[in-house]
Structure formats: structure tokens, C-alpha cells
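# Geometric and topological summary
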Amino acid sequence: MPKKERKLGIDLLRIVSMLMIVTLHVLKQGGILDNAVQGTTHYYAVWILEAACMGAVNCYALISGYVGVNSKTKYHKIAVLWLEVAFYCVICAIIFKSYIPQKDSFEIWFDQFFPVYTRQYWYFTAYFVMFFFTPYFNVMLNSLSKKQLKGLGWAIFIFFSLIQTIWQNDVLVTKFGYSFLWLSLLYILGGIVKKNELEKSVNSALMLFAFFAFSLISAGYKFLAENNQWAVVKDNLITYISATVFTASFCLFLFFAKLDVKTKGGKVFVKLLSPYTFGVYLIHTNPFVWKYVLKDMFKDYLDLRAAKMVCMVFISVIGIYLLCTALEALRVLVFKLIHVEPAFAAIESKIRSRGEKQ
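Summarised in this report is the structure supplied together with it. (Residues numbered from 1 in each chain as written. Predicted model: local features only at pLDDT ≥ 70, side-chain atom pairs only at ≥ 80, totals over all residues. Heavy atoms only, no water.)

### Overview of the packing of helix 1 (residues 8-28) against helix 3 (residues 41-53)
- Running from N to C, helix 1 and helix 3 cross one another at 145°; their axes reach a closest spacing of 9 Å. Crossing angle aside, the handedness with which helix 1 passes helix 3 is left-handed. Contact residues: Met20, Thr23, Leu24 and Leu27 in helix 1; Val46, Leu49, Glu50, Ala52 and Cys53 in helix 3.
- When grouped by side-chain class, the residues that make up the contact of helix 1 with helix 3 number seven nonpolar, one polar and one charged. (Axes fitted to C-alpha atoms, helices over the stretch in contact; angles between N-to-C directions. Helix = DSSP H or I, 4+ residues; strand = E, 2+ residues; numbered from the N terminus. Left-handed = near helix turned anticlockwise from the far one by under 90°. Contact = heavy atoms within 4.5 Å. Nonpolar A, V, L, I, M, F, W, Y, C, P; charged D, E, K, R; others polar.)

### Remarks on the environment of Phe128
- Inspection of the secondary structure puts Phe128 in helix 8 (residues 122-131).
- Residue classification places Phe128 among the buried residues on the basis of a relative accessible area of 17%.
- In sequence terms Phe128 and Val332 are 204 residues apart; their C-alpha atoms lie 20 Å from each other. (Buried < 20%, exposed > 50% of the residue type's maximum accessible area, 1.4 Å probe, protein only.)

### Focus on a nonpolar patch on the surface
- A cluster of nonpolar side chains, Trp154, Ile158, Phe159, Leu162, Ile166, Trp167, Val171 and Leu172, forms an exposed patch at the surface whose accessible area comes to about 790 Å².
- Mapped onto the fold, Ile158 is located in helix 10 (residues 146-167). (Patch = residues over 30% accessible without salt bridge, like charges linked within 9 Å, V, L, I, M, F, W, Y side chains within 5 Å. Areas by Shrake-Rupley, 256 points an atom, 1.4 Å probe, with all protein chains shown as cover. Salt bridge = Lys/Arg side-chain N within 4 Å of Asp/Glu carboxyl O.)

### Structural notes on the pattern of salt bridges
- What the rule picks out here adds up to 10 salt bridges.
- Close ionic contact of Glu199 with Lys7 constitutes a salt bridge, the shortest N to O distance being 3.2 Å. Taken together, the residues Glu199 in the loop between helix 11 (180-196) and helix 12 (204-227) and Lys7 in the segment before helix 1 connect sequence positions 192 residues apart.
- Assessed through its relative accessible area of 3%, Glu199 is described here as buried.
- For the salt bridge of Lys28 with Asp34, the shortest nitrogen-to-oxygen distance reads 2.8 Å.
- With a relative accessible area of 43%, Lys28 lands in the partly exposed category.
- In this structure, a network of salt bridges that share partners links the residues Glu84, Glu328 and Arg331.

So, to be careful, I would describe these as geometric facts and stop short of saying anything about function.
Structure, rendered in C-alpha cells:
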């Protein structure tokens, strides 16, 4: 059988989503959001940008379900991923050693090798736990009819997004999206899209328009609530689980799922950058980089004109993305030279073969 060609629209979404995630961090941790004066052009510009990028993590989780629902679970992959996370934790701890309180304590160095235990990366902690449930999610998704899958998808949206948005409270304890539960629900939704081939029936232009429209609704609601002093949670629509952010991210996901990258240059670009996206996340959100480098790094952009400020945000995001991509490429090269993945794959193969003999 000929090897099935990889869907590059989804890989392109990995790149776009990570750029959006970096944008969120430049705005928030970089000090721009917290220092923007309410009612100014700068304030409106950065919050519209924040609302537009808020669904990036949702997209990343939807991708997991879309590509994983028909895939065989390879447990050595999560072991390699753990080693990758620990690698960056240790390297950054060494580099920032002089900034670490009680730098010679055993606990600090112990933490670097156990990133799940210490929750140094919330997404990896949630994903690590979810990974071991995905085989069971896949069995469910592959056993349900298309009608049942559609009903399941609507139930997830209504109970975990729409109702919680209306109530303005995280009553079902998804931690507003920062949890294993929310990532699992998005994995299931991504699988539903794949099994029902929903992307084939949508209009690409409409999906892109809906993404921008719902993003503007999220920001517009915040501005109206502030200006009119409504007795509501003003940032209620700018969270991972909000109905508007969820809908915007879902529409963006469908747009890229349908997108076909045809040009040779486009294919080279996507194939070159997409394998390194998770490394971009690990490097720039490392606790030491987060605290000692990114903290309030970009707040001076507010001294610029609004249009120039937005341009500088984009330039900074691209710079961070490319720098982290280069560093991740070096890490990948090192792991290849010492045959990390083949070694873990061989271990998994031996464990599987022994299990089958028993």
C-alpha cells in the first residue's frame, strides 16, 4: 500500500497555533496587557489580539484528536517527550543557576527530572495524563455511529462551554481549560471531526470569517462590560472554555483541516517548521525563561504608536519562534545522534512481545 500523504493543512495549523500561543505570552507575561491603560487605542488593540489568539491551545488539542483517533498508541513516544521536557528543564536550570534560590538544594534539581510531578508545564502535565486514556477514547470514537458522534460533540459543547459561559462560572471544574479534562474533551472533538469528515462539508471562507467574528465578539463584550459597568465577569468570553473562543478556535481548526497546501515552497515551509512547534513551547515557557527573561520584557512597546506597537509584537513573536525553533532543531539532532527514540522504541517492542507471550 502506498504511504498516505500527510495532511499539511493540519501541520500548518500547528505552526499558526504556536505563533498565537507565543503572542499570548508576549502580551501577558511580557507586561503589555497589564500595563495598557483602559480606554486607549493601545488597550483595545492588544485585547483584540489577545481574544483572537486565545483559542490557540484549543486548536493544538483538537489536532491531537484529529491525528490520533486512527493511530496506534506508541508508548515510547510519551517517554521520549518526557525526556525532551526534562532536557530543557535541566539545561535552563544550569543556565539560570545563579538566579535560583537555594540553588544547591536537592529538591530543585529533582524537580527538573520530574516535570509532571512538579507541574512545570501545565499543558504537558495534562497531556501526559490524557495520553494514557487516548486508546480508550479511540475505541469509543471508532465504535460510535456518525449520528452518535455528532450528538456527543454537541453535548460537550453545550455542557462544558455554552452553559458555563452563560453561568459565568467553571461549574464543571475544567479549570477554565487548564486541565486534563478540557484537553480530553478537545481530543474527543478532534476525533469526531476526523471520523465524520466534517471539514469536507464546510465553506473555508465562512470558517475564516467566523473565526474573526467570534474573536471580535469576545473582545467587544469585554469592552462593553467595562464601559457600561455591567455586573458581569468582563473577561468571561476570553477564556479557553468560553463559547465564543471555543467556536472561533473550532472554525479555525476546520479551515486548516480543509486547507490543501499545494505549492512546493509551502510544502517545504510546513515540513521544515512543524516538527519543532512543541519545542518552541517548552523553551519560551520554561519557568526560568518565563520568570527571568519574559517577565515585563515588552511593556515598553506601549510607548510606541498603537500600529507600531502591534508590528513590534508580531516581530517579537516571530523572533522568539525562530530562535526557539533553531534551538529545538539542535536538540532533535542531539537526540538523533544518540538514538534516543530507537532505544525507547526497542524497549517498548520487547515489553509488548513479552506481554503477548504470557
